[in-house]
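Remarks on the overall topology
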Amino acid sequence: MQIIKPGTNIDFIGKRKAAMILSAAMILFSIFSLILHKGPRYGVDFAGGTQILVSFQEAVDMGQVHSTLDQMGLGNATVQESREGRSYLLQIRTIQTFDADSGILMELPRRLHETTGLGAEILSIDMVGPQISKDLRSQALYALFYALLFITVYISGRFEMKWMLSAAVAGVFVSVVYLFPQIMENLFRISLPIPLLILTALILSFLVFWKLGLAYALGAGIALLHDVIITIGLFSVLDIEFNLPIIAAILTIMGYSLNDTIIIFDRVRENLASRGKKTFAAILNQSINETLSRTIITSGTTLLVLITLFILGGGIIHDFSRALLVGVVVGTYSSIFVACPILLFLHKKQGI
Amino acid sequence: MKIRSWRFYAVCVALILAIIYILPTFNPGLWPNKTINLGLDLQGGMHLVLDVEVEKALESTMERRTYELRDQMRRERIRYTSVRRLPDGNIGVRLADASDADIFSAFHQKEFPDMDVRRHTVDEGLEFRFSIPIEEKNHITKMATEQALETIRNRIDEFGVNEPDIRIQGERRIIIQLPGIEEPERAKQLIGKTALLEFKIVEDSHDVQDALTGSMPPGTEILYEIRRDASGQETGRVPYLVSRRAVLTGASLTDARVQVDSQFNEPYVSISFDRQGARQFERITGENIHKRMAIVLDNNIYSAPVIQDRISGGNARITGNFTMEGARDLAIVLRAGALPAPVKIIEERTVGPTLGAESIRKGLISMLVGGGFVLLFMAVYYKGAGLVANCALVLNILFIGAALAAFGATLTLPGIAGMVLTLGMAVDANVLIFERIREELRLGRSPIAAIHAGFDRATLTILDANVTTLIAALVLFQFGSGPVKGFAVTLCLGVLSSMFTALVMVRLVFDIIYDGQNKKVAQLSI
């Protein structure tokens, strides 16, 4: 059985202008949505506060729930209801945190039971203090940054044999991100916002990769950034909360997207060795087409299991599998339509 | 090619090891290996992060030093106009006579060499400012955190939790993991209590109401007794005017246990003091007969009985309408001792047992269904070769499970998701190889040559592609915590084991099927 007939030659590279417009539109849309929603919607992990999951065996009157919460001084809490199997779930979110002596969490099911007359069971409690949520936010950003940097170093090392060069570049950026804020903090008492710092470092490193002509690293790096921005944007559009597992999902997407990119790049290098008179664009096209079967099958099986996870995995894993679903599609697209055109662009610039 | 190559032995060793490590998970106690460790999100339990308020430990150190300085100077007959805590936390000493400065310097070097002193001129007078050097501060911070850890460990041990995990994170945080805990609120209160026990004399010579309206006698403070009804609901607060200085503290306690009053059938906590404490207690009760003595725990008064007589023997009781549970918990915290500084819960994650069991069930179902789809697809699409890849896929899951058990890693809900994801991605290596073999066949190679070329050419690509996922997983491991770390571990293991199964195991099977026979292979089932 075959999905892609041998000898198929779809002109992917020829569609790069359309792809560029599509990508640009999606990125702009993401940024626009983020601005409109005033940044990503942070869950308790990153915003701090308390999230309580309560389950009832029967549908519960929301008015009663709200009045109970009001009585307990939790009037500002938001309540989200959902149904899972035979039980009804309430997700109660508040920006408050509670110390050990307050006893509120112990009282909550009792009070809910009194007012609604239904048995309430606390399934889970997540309480994150402001210090921790701040730590988690910066940790997540650093994680994304380091992953991106290490991966680009590996690629320029592997594909262009410029290990030392790219490691040196990366080393400089790591120390910039690590030392610069400390210097600013200690000398000028200015604490820099981490997102700004990391964005600057990323743009700088892409500029350097461009100047040094590290085409593969640049292509993969931009494709990755492209995926991350669009995934985050789509979350913003769908109004999904950002929590720790979502960061895990994004890093996995980075790994996956790169997986895809590298397999095509590998083929490009192989085909370049026996190039003949073909243009670089033709080589790119040939490589994409030759690996197309594999791309479709692997993305297909991955999507298949992600869809089962999304449907059967239960509420807790819902957003996580949705993030991965989005990411796999975008990642596959970017390997073909973002990473390869950038390779072409840099090669043209270098006159190869 | 020889069948008994290194691949053969590698696969045998891997299989045997995997079976050895995985079996106890299905049949605990089969042999002493560990089972797969379930994360708190799967087995239910509580994860707490405490912040030790080390500033308070520094403060109380300075408070103590202020007393000591004053006492010591009086003893050495150095006259001073004031010894007081400055707003920045340091101690300011003003001498009555500036000509005593040299004597004072000598005194400082002899008695308090571990403190820094600076001379200041304030309002034309001379002031010595004492501060703790930075190393000493760090030492106090470190000691406070370590001592808090020890105290909390003792309390949890007495409370009774299976396999608690308690450790210090950073400079002043303590992470506590309590798997399968049934009364999270009670445990939280037990852990969070500072449990500073103090005995203070009640100042009955002054009216409490006067003190409440503002005329507080020097050296006193107002503390409250919280009255509760039988169900533990607060019914009211009674103010007491007590002297600020404690006559005795819980530091001289040797034991605390729950007993039941035979007359009222009410539980109380009986405490006993060490020798020195007992002597002190006897002296204090002797000196304060007919006065009331407040028993203060963390600035709340438990009871304030009238001292009837000199109490010798070093035993006392704390009453104050306890429930049996409340009395037991109080005894635990008193036995384990006070925390050197108050702690604050800055992160709490509690998962009920129902949710955990539900998560496992759903995770397993999605793994079975998703995996089933992939197996079916591979068998249809690649036929014989697909079946080989399917065996590898199943073994993949076995290897991940065995590795989790072997390394004592923790399986979390995202970890299960990671395994499911691995199922989808694990076929990638096989797909790469099979597609290559098909390509080579199309180019007109013989089946065996195509197999060799396919594996050889795909190997590098597979390595490259997986290293990047590995990098992402390692970064996740480094920066993630709890369930996310669990995800990173399974992702890492998944990548490694899928590379192993595809490059070593599947190749071995191909070698056995096609290379082992000497006859020519006419066709590949791929």
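Definitions and cut-offs
- Residues numbered from 1 in each chain as written.
- Chains lettered and ligands numbered in written order.
- Predicted model: local features only at pLDDT ≥ 70, side-chain atom pairs only at ≥ 80, totals over all residues.
- Heavy atoms only, no water.
- UniProt positions renumbered as here; feature names shortened; annotations may be inferred.
- Helix = DSSP H or I, 4+ residues; strand = E, 2+ residues; numbered from the N terminus.
- Buried < 20%, exposed > 50% of the residue type's maximum accessible area, 1.4 Å probe, protein only.
- Areas by Shrake-Rupley, 256 points an atom, 1.4 Å probe, with all protein chains shown as cover.
- Lys, Arg positive; Asp, Glu negative; His and termini not counted.
- Charge placed at Lys NZ, Arg CZ, Asp CG, Glu CD.
- Rg over C-alpha atoms; globule rule 2.2 N^0.38 Å.
- Contact = heavy atoms within 4.5 Å.
- Buried area = accessible area lost by both parts, 1.4 Å probe.
- Salt bridge = Lys/Arg side-chain N within 4 Å of Asp/Glu carboxyl O.
- Polar contact = N/O pair within 3.5 Å; in protein donor to acceptor, adjacent residues only side chain to side chain.
- Nonpolar A, V, L, I, M, F, W, Y, C, P; charged D, E, K, R; others polar.
- Core = buried A, V, L, I, M, F, W, Y, C linked by side-chain atoms within 4.5 Å.
- Pairing = 2+ DSSP bridges.
- Axes fitted to C-alpha atoms, helices over the stretch in contact; angles between N-to-C directions.
- Domains from an automatic or database assignment.
- Phe/Tyr/Trp six-rings, centres within 6.5 Å; stacked < 30°, edge-to-face > 60°.
- Parallel < 35°, antiparallel > 145°, perpendicular 65-115°, else oblique.
- Left-handed = near helix turned anticlockwise from the far one by under 90°.
- pLDDT = per-residue confidence, 0-100.

Going by an unreviewed UniProt entry, chain B carries the name Protein translocase subunit SecD and comes from Desulfobotulus mexicanus.

For chain A, an unreviewed UniProt entry supplies the name Protein-export membrane protein SecF and the organism Desulfobotulus mexicanus. Entered under Subcellular location (unreviewed entry) in the UniProt record, the comment concerning chain A runs "Cell membrane".

A word on the overall build of chain A. Check the secondary structure of chain A and you find 12 helices and four strands. Put simply, chain A has 352 residues, and 54% of those count as buried. Of the accessible surface of chain A, which amounts to about 15,400 Å², a share of 66% is contributed by carbon and sulfur atoms. Charged side chains of chain A number 26 positive and 24 negative; the gap between the two group centres comes to 18 Å.

Turning next to the overall build of chain B. Secondary structure assignment for chain B yields 13 helices and 19 strands. In terms of C-alpha radius of gyration, chain B reaches 35 Å, well past the compact-globule figure of 24 Å for 526 residues. By its C-alpha atoms, chain B is 110 × 65 × 40 Å across when sized along the principal axes. The buried share among the 526 residues of chain B stands at 50%. For chain B, contacts bridging at least 24 residues in sequence account for 67% of all contacts bridging at least 6. Counting every atom, chain B has about 25,400 Å² of accessible surface; 53% of that belongs to carbon and sulfur. Of the charged side chains in chain B, 59 are positive and 61 negative; the average position of the first set lies 6 Å away from that of the second.

Moving on: the interface of chain A and chain B. In many analyses, interface size is given as the accessible surface area lost on bringing the parts together. Tallying the contact residues gives 69 residues for chain A and 65 residues for chain B. Each partner contributes to the roughly 5,900 Å² buried at the junction of chain A and chain B, and carbon and sulfur atoms together form 65% of this total. At the junction of chain A with chain B, the criterion picks out seven salt bridges. With its nearest N and O atoms 2.9 Å apart, the salt bridge here joins Asp135 of chain A to Arg173 of chain B. Applying the counting rule to chain A against chain B returns 16 residue pairs in polar contact (both at pLDDT 80 or more). A class-by-class count of the residues in the side of chain A that touches chain B yields 40 nonpolar, 16 polar and 13 charged.

Attention shifts here to the nonpolar core. Note on soluble globular proteins: their nonpolar side chains tend to be buried together. In terms of nonpolar packing, the biggest core is built from 160 residues, with Met254 of chain A together with Tyr382, Leu404, Ile433, Phe434, Ile437 and Phe510 of chain B touching the most fellow members. Setting aside its immediate chain neighbours within four residues, Met254 of chain A contacts Leu144, Ala147, Leu148, Leu224 and Val228 of chain A. Within the second largest apolar cluster, 91 residues are counted, among which are Met72 of chain A together with Val83, Ile140 and Ile166 of chain B.

A separate point is the sheet that holds strand S7 (residues 165-169) of chain B. Taken together, eight strands build an open sheet; the order of strands is S2(A)-S3(A)-S1(A)-S4(A)-S18(B)-S2(B)-S8(B)-S7(B) and the sheet is antiparallel. At either end of the open sheet lies a strand with only one pairing partner, and these are strand S2 (78-84) of chain A together with S7 of chain B. Going from strand to strand, the sheet's axes swing by 20° on average, the running direction of each strand aside. In this structure, strand S2 (residues 45-52) of chain B lies alongside strand S8 (residues 173-179) of chain B, joined through seven bridges in antiparallel fashion. Along S8 of chain B, the bridge assignment pairs Asp51 of chain B with Arg173 of chain B.

With that out of the way, let us pick up the UniProt feature "domain: Protein export membrane protein SecD/SecF C-terminal" (unreviewed entry) in chain A. Residue and element names in this part refer to chain A. On the UniProt side, "domain: Protein export membrane protein SecD/SecF C-terminal" (unreviewed entry) is annotated at positions that read residues 119-172 and 197-348 here. The span residues 119-172 is 76% helical and 17% strand by assignment, and the distance between its end C-alpha atoms comes to 59 Å. For residues 197-348, the helix share is 89%, the strand share is 0%, and the end-to-end C-alpha distance is 32 Å.

The UniProt entry lists residues 343-505 of chain B under the feature "domain: Protein export membrane protein SecD/SecF C-terminal" (unreviewed entry), expressed in the numbering used here. The annotated region residues 343-505 of chain B carries 87% helix and 7% strand content, and the separation between its end C-alpha atoms amounts to 53 Å.

Now for the UniProt feature "transmembrane region" (unreviewed entry) in chain B. The positions that UniProt labels "transmembrane region" (unreviewed entry) are, in the present scheme, residues 7-26, 363-382, 387-409, 415-437, 458-480 and 486-510 of chain B. Strand forms 0% of residues 458-480 of chain B and helix 96%; the C-alpha atoms that close the span are 32 Å apart.

This part takes up the domain arrangement of chain A. All names here are of chain A. Looking at chain A, the domain boundaries give domain 1 (13-42 + 131-350) and domain 2 (49-128). Inter-centroid distance (C-alpha atoms) of domain 1 to domain 2 is 39 Å. Counting residues at the interface gives seven residues for domain 1, matched by five residues for domain 2. Contact between domain 1 and domain 2 buries roughly 390 Å² in total, counting both sides, with carbon and sulfur atoms accounting for 44%. Linking domain 1 with domain 2 are one salt bridge.

All names here are of chain B. Tallying each qualifying case throughout the model produces 25 aromatic pairs over all chains. Between the aromatic rings of Phe107 and Phe112, the centroid separation amounts to 6.1 Å while the plane-to-plane angle is 65°, which identifies the pairing as edge-to-face. Measuring from centroid to centroid gives 5.7 Å for Phe455 and Phe510, while their planes differ by 75°, and the two rings are edge-to-face. Of this pair, Phe455 sits in helix H12 (residues 447-479) while Phe510 sits in helix H13 (residues 483-515); the two residues are 55 residues apart in sequence, bridging distant segments of the chain. When its relative accessible area of 0% is taken as the criterion, Phe455 is described as buried.

On to the sheet that holds strand S14 (residues 267-273) of chain B, then. Residue and element names in this part refer to chain B. Spatial ordering of the open sheet is given by S13-S14-S17, a layout of three strands whose pairing is antiparallel. Strand pairing shows two members of the sheet lacking a second neighbour, strand S13 (253-260) and strand S17 (315-318), which therefore form its edges. Averaged over neighbouring strand pairs, the angle between their axes works out to 25° when direction is ignored. Note that S14 and S17 share four bridges and pair antiparallel.

To describe two helices that pack against each other, one gives the angle between their axes and the distance between the axes. Residues and elements named next belong to chain A. It is the contact of helix H9 (residues 244-273) with helix H11 (residues 292-312), at a shortest axis distance of 11 Å, that shows an interaxial angle of 165°. When the axis of H9 is compared with that of H11, the two are roughly antiparallel. For H9 against H11, the interelement crossing comes out right-handed. Taking contact as the criterion, the partners of Tyr256, Asn259, Asp260 and Ile263 in H9 are, on H11, Arg294, Thr295, Thr298, Ser299 and Thr302.

Looking now at the domain arrangement of chain B. Splitting chain B by domain gives domain 1 (6-44 + 352-516), domain 2 (55-136) and domain 3 (193-349). One C-alpha centre belongs to domain 1 of chain B, the other to domain 3 of chain B; they are set 61 Å apart.

Where charged atoms from two side chains of opposite charge come close, those side chains can pair. Residues and elements named next belong to chain B. Here the structure, examined in full by the defined rule, presents 51 salt bridges over all chains. Ionic pairing is found between Glu158 and Arg335, a salt bridge with its closest N-O pair at 2.5 Å. Of this pair, Glu158 sits in helix H5 (residues 134-159) while Arg335 sits in helix H9 (residues 324-336), placing them 177 residues apart in sequence. The partly exposed category is assigned to Glu158, whose relative accessible area is 34%. A salt bridge links Glu358 to Lys362; the nearest nitrogen and oxygen atoms lie 3.4 Å apart. Note that Glu358 and Lys362 are positioned in helix H10 (residues 353-407) at a spacing of four residues, about one turn of the helix.

Mean pLDDT for chain A: 85, with 98% of residues reaching 70 or above. When the elements of chain A are averaged for pLDDT, helix H6 (residues 163-188) of chain A gives the smallest value, 77, and helix H1 (residues 16-36) of chain A the largest, 93.

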